[in-house]
Amino acid sequence: MSAAPAYSEDKGGAGGPGEPEYGHDPASGGIFSSDYKRHDDLKEMLDTNKDSLKLEAMKRIVAMIARGKNASDLFPAVVKNVACKNIEVKKLVYVYLVRYAEEQQDLALLSISTFQRGLKDPNQLIRASALRVLSSIRVPIIVPIMMLAIKEAASDMSPYVRKTAAHAIPKLYSLDSDQKDQLIEVIEKLLADKTTLVAGSVVMAFEEVCPERIDLIHKNYRKLCNLLIDVEEWGQVVIISMLTRYARTQFLSPNQNESLLEENPEKAFYGSEEDEVKGPGPEEAAATALPARKPYVMDPDHRLLLRNTKPLLQSRSAAVVMAVAQLYFHLAPKAEVGVIAKALVRLLRSHSEVQYVVLQNVATMSIKRRGMFEPYLKSFYIRSTDPTQIKILKLEVLTNLANETNIPTVLREFQTYIRSMDKDFVAATIQAIGRCATNIGRVRDTCLNGLVQLLSNRDELVVAESVVVIKKLLQMQPAQHGEIIKHLAKLTDNIQVPMARASILWLIGEYCEHVPRIAPDVLRKMAKSFTAEEDIVKLQVINLAAKLYLTNSKQTKLLTQYVLSLAKYDQNYDIRDRARFTRQLIVPSEQGGALSRHAKKLFLAPKPAPVLESSFKDRDHFQLGSLSHLLNAKATGYQELPDWPEEAPDPSVRNVEVPEWTKCSNREKRKEKEKPFYSDSEGESGPTESADSNPESDSESDSKSSSESSSGDSSSESDDEDEEKGRSSESEQSEEEGKRKKMKKRKTVAEGHREGSSSDEGSDSSSSSSESEVTSESEEEQVESTSWRRKTPPSSKSAPAAKEISLLDLEDFTPPSVQAVSPPTIVSTSLATDLEGLTLTDSSLVPSLLSPVPGVGRQELLHRVAGEGLAVEYAFSRQPFPGDPHMVSVHIHFSNSSENPIKGLRVGTPKLPAGISIQEFPEIESLAPGESTTAVMGINFCDSTQAANFQLCTQTRQFYVCIQPPVGELMAPVFMSENEFKKEQGKLTGMNEITEKLTLPDTCRNDHIVVQKVTTTANLGRVPCGTSDEYRFAGRTLTSGSLVLLTLDARPAGAAQLTVNSEKMVIGTMLVKDVVQALTQ
Amino acid sequence: MIHSLFLINCSGDIFLEKHWKSVVSQSVCDYFFEAQEKAADVENVPPVISTPHHYLISIYRDKLFFVSVIQTEVPPLFVIEFLHRVADTFQDYFGECSEAAIKDNVVIVYELLEEMLDNGFPLATESNILKELIKPPTILRSVVNSITGSSNVGDTLPTGQLSNIPWRRAGVKYTNNEAYFDVVEEIDAIIDKSGSTVFAEIQGVIDACIKLSGMPDLSLSFMNPRLLDDVSFHPCIRFKRWESERVLSFIPPDGNFRLISYRVSSQNLVAIPVYVKHCISFKENSACGRFDITIGPKQNMGKTIEGITVTVHMPKVVLNMNLTPTQGSYTFDPVTKKVLTWDVGKITPQKLPSLKGLVNLQSGAPKPEENPSLNIQFKIQQLAISGLKVNRLDMYGEKYKPFKGVKYVTKAGKFQVRT
């Protein structure tokens, strides 16, 4: 045996000494004596000491193996070459060994010592290669050797060897599952490895050996997330799919509160609920007291996973893209899932097998999240050259995506498909049309008509399919189909396809009650032509006759008897049989068979309407992208995707002692430090807090929202609670005062904010709390004002003074807010008339003219003159829009000052710039003269100040209107600490920082005014600040969730510097402009 | 994961098998043949077939079926992606992925498969690493090998696998250092009867051929990177740089590879370079029909459109076609597929190419309901139809001056005209 390393560096070796130790085993020759002759030449070649001959022999042997021929009898001759110096010979011997070792275990053992030596080699590649082959030989006897080798390799210096060790683990496990415990130890060790090379392989081993030991992942979770992008593609797929399962067990559902609470998902990132787990008793009790209202906050680790997988959507590997897509589908908040659509659509350009799998998954996703793929509808259009299986899947997706708005285009597409040469595809198209018709009521008749036309198609398959679909559609609404059946009845004269004739007859028979007059006539015609009909039609004629006889025996008794006697002498015995059988059933005979009494039940039993639904419905209980999902059946070894837990398990298990991945763990620790502080204050100020905050939130039961929680946070944040307790009522009063003043000021619009300066100058905390209250109360106010309006419906022109009084009365009962304090009428009379001159026709100018107070006052959308009596105003309510956190919610106030009621108020087809979308308000059926009402609509401005143009339709007219948001309304406040603020600000420097110097006028040199001015200009949240003359505000843009940080550094003598940090430079610049304008005016 | 692989040709012969775990009998392929029979068309064989004990995942490439045997749950795309990678590797090594090439190089194929998968899990799939492990066959080398008895297996040990840039092999040396980029854009479109565009988008790729010594660090920037709507990257590209600066920064693999592929979506108006006038009609109750198509240039940015080919799948009832082209030549396969192919060549705007004539139909058969759709191929040199332009290529990390070049081509992708 040569002592040279298995992978020798030195070339040649031709003519090296043979390996006498292995010798020729006579016993083995005996065993295979029958085959001994067959491969004699090969054996000879292997026995020579010429490498070229050996190589030639090995090549021939490998070619035999490749073709599936048995070469096992050469085993002894081959195995002794395992230590050959020629690399290629050696490699081919390995190939042979791995293939046949299982069958020749005893002889295979001869090679083991070579590998054992290889394991000790100084060259890492040789160590790895030896381990690889050793572990691939499926010989149970060497299990202990393998175990030892794996353990050793797992702590090897070289990551490549460790990777090979990870690969060897599942091999050993499949050989001997008793080794599981020991193997898990090795896996645990390798999971802690920090190199990208190992990560994929060890997770693979984990998945095969112990997928249930989720606890092993905790400590490595963050590391895996951070390494992910650098792992090779195959490893990425495995890791992502494992992390999907992990996340499902460890985090809370990001969509759980959807129906209960609207929560800005971006904001949630900054909160944390760790305190609940860690905090001492009292808080916990307080927290559990209101479980239903506990807002959802995303675990930072959950966010980490989503953030780190997102770039992989741009991988070149379809498998990785699909893995990320399924991760997002299963784990991401609803609003964020959309990002995967684009990448999945990209995969549709790939090989047809990839298309097939992707389309299957898209079909499942499109049922649940239709909106996601709607923009890509056209990418699913079908080409005549697509394979049929792809066509049918695309059709499935198109059907799922069809909705009220796009159905015309979809149906037009379908029309093209119906004429295809591929008849299977045509049949599927007809079914798809049927499904569209059932899902979308509006087009049901169009579809039915189209399908009826198809009945005259020449292709039987098409006709049969259409009839089936028509039948299904008719069964769904049995009351209305008289017309179509009549139409079908008329068609019997023309349609010659027997299948279609038969189907029509069935339909007429089934619903003969709905066409009482036509049915007997059809029977008459059919009786006339009975002998000339095809068999299948004849059978249905008998069927029809029987049914008619049962329902309308007076008219059809003779006809039926005629048909039955014709059938009795038919050539076809099936028809003769049927006739005899039917006669016995329906015609009461003397014997009075028990059956004939129930004939009606037998023939005219109500048949259940077939259900037309996608075969992909509910497939998402399988993990998407998995084999099981594709087959719609559980595959062997499929790991069930667990449901979200009710309560989040302890997140601290993922903390790693050494802050290696500093960023996130640091942040978390800090948060942990901060948290108890917050919860303490909450606990202490408990009674008063709850006393004045709870009723408020109860009264606004549906306004929940971030503003409320931010008000809670900011008030709890005040440094000295004692004082706050005392002041809370006081400050409320003062606020009220201020508000009332502001209201007056509003009436006289341009007066400026001087009065405000006289109001109580509270501490930071009180002013900030008052501000947040402002936002939270706005909706309440809206509601109030509308209800108040309903109570007093007089025409808007009459006596504003009287109204003012009533308003003040009301104020005594309910705390008013700064915003929109003035009742609508006043705005519409005073403010709106003031504005009349300014606005003219171009309503898009309005916001910029009003920029000092946007987000507060109502602005005109449609003047009552232009609107022929319909006046429409809108206001930005600063409430999160229910249903979509990316939308700005806009309160639209309609008032009818015409003589006639306005009916059918709704939004007509919007023509929106790319990215902008509108959630329409529900149609307002009627607005009586003099009445007014308010509706809420959501607009996703896509972080731009582009105007959203849409039509406002009444039954008679359409008005083109547009809403242009002031930049300040495109964001929502976020709460953050000073440190966080500084840190985030540090990240957003350079291009992202916009600074402006300004001089504050005397009127706004105090805290209260400044804060108020800034927050009215922009929907930002105040950030607590250590120094007195610095103000900080933070928010996030609604659509992209980019941070907007605003700092105002007020220096003595009115000089000030305004800094805005935001990724969105445009927004930053505009915001600076607006705020400067607001402050300097 | 992947248990075994069978390679099957179109006539149903299993000509290669490879097992990474215990041997799975060839008889498992019977399920595949069954499905193949049912599907009638090779394209319609379902990629995933469930059998009582195994799952078969297959791809169809270059008239070959790659059938893999799976025993447990695995993402199907993982396997499909891998099989395609195997086919790509064969293509790369032998110039074609055909039965003959594989049979001729069966030992190399076997060695490759052995390296690519370990116990069913992919090990080395990067072509740079594989080429270091197993040298691709060349005529010269095979002659030398047969004389000297040396082998195709690399005698140096692969180190690429160990580095953190596994896609590049170490110690690359060239006398001429070159870096070429091909920007290839394909127009996918569906044009309806009236000539209006139902759907159009541009699918682009940048293929690179990089022959640079050492460890060059390249960065490629575009004049108008915002055009790229959706991009997928070769793993060598630094994602962060792209996110922040829209610059492609990478240490390239050696040789040919696909740097990025991208999509310019239909929202930006896609220019359609050709139009087709067509008049195809079949008369009721007569055994003939008319066929008349004319192609003309449209929005071609002043470049010549060349390499035009029109492929039409005629209905089954068409017996023969009697056509006269004004330019190029046409073939019609009346027996099996009923495919009409018209090789047009270049368009000269002075005289638009047209193809006119009669269609003979099977007498007595009903006339076809649908006119066949026209699939069009064309090519425009030196133009990226989306307007994408490479700005500059910079190299860091090496001293020499490389020779750089960018080429633009626009082609028709899945370009279909409905008639």
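In what follows, the structure referred to is the one given above.
So, a few notes on the structure that sits alongside this text. Here the structure is a predicted model, which means the values were calculated and not measured. (Residues numbered from 1 in each chain as written. Chains lettered and ligands numbered in written order. Predicted model: local features only at pLDDT ≥ 70, side-chain atom pairs only at ≥ 80, totals over all residues. Heavy atoms only, no water.)

1. Here we look at the sheet that holds strand E15 (residues 288-297) of chain B
Whenever strands of a sheet pair, they do so through backbone hydrogen bonds, lying parallel or antiparallel.
Residue and element names in this part refer to chain B.
And step 1. If you walk across this open sheet you meet the four strands as E14-E15-E20-E17, and the pairing is antiparallel. In this open sheet, the two strands that pair with only one neighbour each are strand E14 (274-282) and strand E17 (318-325). Between one strand axis and the next, the sheet turns through 15° on average, direction left out of account. (Pairing = 2+ DSSP bridges. Helix = DSSP H or I, 4+ residues; strand = E, 2+ residues; numbered from the N terminus. Axes fitted to C-alpha atoms, helices over the stretch in contact; angles between N-to-C directions.)

2. Looking at the interface of chain A and chain B
And step 1. Across the contact, 92 residues belong to chain A and 94 residues belong to chain B.
And step 2. Between chain A and chain B the total buried area reaches about 8400 Å² when both faces are included, carbon and sulfur atoms providing 56% of it.
And step 3. It is Trp234(A), Arg349(A) and Arg383(A) in chain A that bury the most area against chain B; as a group they hold 11% of the surface buried on that side.
And step 4. Linking chain A to chain B there are ten salt bridges.
And step 5. We note a salt bridge from Arg316(A) to Glu126(B), for which the minimum N-O separation is 2.9 Å.
And step 6. Put simply, chain A and chain B have 34 residue pairs in polar contact (both at pLDDT 80 or more) between them.
And step 7. Taken together, the residues of the side of chain A that touches chain B sort by class into 39 nonpolar, 27 polar and 26 charged. (Contact = heavy atoms within 4.5 Å. Buried area = accessible area lost by both parts, 1.4 Å probe. Salt bridge = Lys/Arg side-chain N within 4 Å of Asp/Glu carboxyl O. Polar contact = N/O pair within 3.5 Å; in protein donor to acceptor, adjacent residues only side chain to side chain. Nonpolar A, V, L, I, M, F, W, Y, C, P; charged D, E, K, R; others polar.)

3. Let's talk about a positive patch on the surface
And step 1. On the surface, Lys283(B), Arg290(B), Lys351(B) and Lys356(B) cluster together into a positively charged patch.
And step 2. Positionally, Arg290(B) belongs in strand E15. (Patch = residues over 30% accessible without salt bridge, like charges linked within 9 Å, V, L, I, M, F, W, Y side chains within 5 Å. Areas by Shrake-Rupley, 256 points an atom, 1.4 Å probe, with all protein chains shown as cover. Lys, Arg positive; Asp, Glu negative; His and termini not counted. Charge placed at Lys NZ, Arg CZ, Asp CG, Glu CD.)

4. A few points about the packing of aromatic side chains
One pair of aromatic rings is described through two measures. These are the centre distance and the angle between the planes.
And step 1. Per the stated rule, a full pass over the model turns up 23 aromatic pairs over all chains.
And step 2. Where Phe373(A) meets Phe380(A), the ring centres are 6.3 Å apart and the plane angle is 75°; that geometry is what we call edge-to-face.
And step 3. For Phe373(A), a relative accessible area of 0% gives the class buried.
And step 4. Under the relative-accessibility criterion, Phe380(A) is labelled buried at 0%.
And step 5. Connected via pairs of aromatic rings, a cluster forms that spans Trp234(A), Phe78(B), Phe82(B) and Phe121(B).
And step 6. The ring of Tyr100(A) carries Arg99(A) above its face, with NZ or CZ at 4.5 Å from the centroid.
And step 7. A cation sits over an aromatic face here: Arg369(A) above Phe329(A), 5.3 Å from the ring centre. (Phe/Tyr/Trp six-rings, centres within 6.5 Å; stacked < 30°, edge-to-face > 60°. Buried < 20%, exposed > 50% of the residue type's maximum accessible area, 1.4 Å probe, protein only. Lys NZ or Arg CZ within 6 Å of the ring centre and 35° of its normal.)

5. Points about the pattern of salt bridges
And step 1. The tally for this structure, following the rule as stated, stands at 50 salt bridges over all chains.
And step 2. A salt bridge links Arg99(A) to Glu103(A); the shortest N-O distance between them is 3.5 Å.
And step 3. For Asp118(B), the salt bridge goes to Arg132(A), with nearest N and O atoms at 3.6 Å. Here Asp118(B), found in strand E6 (residues 117-118), pairs with Arg132(A), found in helix H7 (residues 124-136), and the two come from separate chains.
And step 4. Residue class for Asp118(B) comes out buried when judged on its relative accessible area of 2%.
And step 5. Judged by its relative accessible area of 14%, Arg132(A) falls in the buried class.
And step 6. The structure contains a network of salt bridges with shared partners spanning Lys91(A), Arg132(A), Lys171(A), Glu115(B) and Asp118(B).

6. Brief notes about the environment of Ser503(A)
And step 1. Tracing the chain through its elements places Ser503(A) in helix H29 (residues 498-510).
And step 2. Distance in space between the C-alpha atoms of Ser503(A) and Ala464(A) is 7.9 Å, their sequence separation being 39 residues.

7. Quick look at the sheet that holds strand E13 (residues 255-264) of chain B
And step 1. Sheet architecture is open: nine strands sit in the order E11-E13-E9-E8-E23-E21-E16-E19-E18 (chain B), paired in mixed fashion. Bordering the open sheet on either side are strand E11 (230-233) and strand E18 (329-333) of chain B, each of which pairs with just one other strand. Each adjacent strand pair in this sheet contributes to an overall mean axis angle of 15°, direction not counted.
And step 2. Sheet analysis places strand E8 (residues 178-191) of chain B next to strand E9 (residues 197-211) of chain B, joined by 14 bridges and oriented antiparallel. Paired with Ile190(B) across the strands is Phe199(B), a residue of E9(B).
And step 3. Lying on the sheet, helix H20 (residues 339-347) of chain A is in contact with E11 and E13 of chain B; it crosses E11(B) at an angle near 70°.

8. Here's the deal with the nonpolar core
And step 1. Phe380(A), Phe66(B) and Phe90(B) are the most contacted members of the largest nonpolar core, which totals 269 residues.
And step 2. No other element matches the twelve residues that helix H18 (residues 318-331) of chain A contributes to this core.
And step 3. If we ignore the near neighbours within four places in the chain, the residues touching Phe90(B) are Leu7(B), Phe66(B), Gly95(B), Glu96(B), Cys97(B), Ile102(B), Val109(B), Leu112(B) and Leu113(B).
And step 4. Val231(B), Ile260(B), Leu323(B) and Met395(B) belong to the second-largest nonpolar core, a separate cluster that totals 75 residues. (Core = buried A, V, L, I, M, F, W, Y, C linked by side-chain atoms within 4.5 Å.)

9. So, the packing of helix H23 (residues 388-401) of chain A against helix H24 (residues 407-418) of chain A
All names here are of chain A.
And step 1. Two numbers describe how H23 lies on H24: the axes approach to 11 Å, and their chain directions differ by 155°. The angle between the axes of H23 and H24 places the two elements in the roughly antiparallel class. Two packed elements cross with a definite hand, and for H23 against H24 that hand is left-handed. Mapping the contact onto sequence places Leu395, Leu398 and Thr399 in H23 and Val410, Phe414 and Tyr417 in H24.
And step 2. The residue makeup of the contact of H23 with H24, split by class, is five nonpolar, one polar and no charged. (Parallel < 35°, antiparallel > 145°, perpendicular 65-115°, else oblique. Left-handed = near helix turned anticlockwise from the far one by under 90°.)

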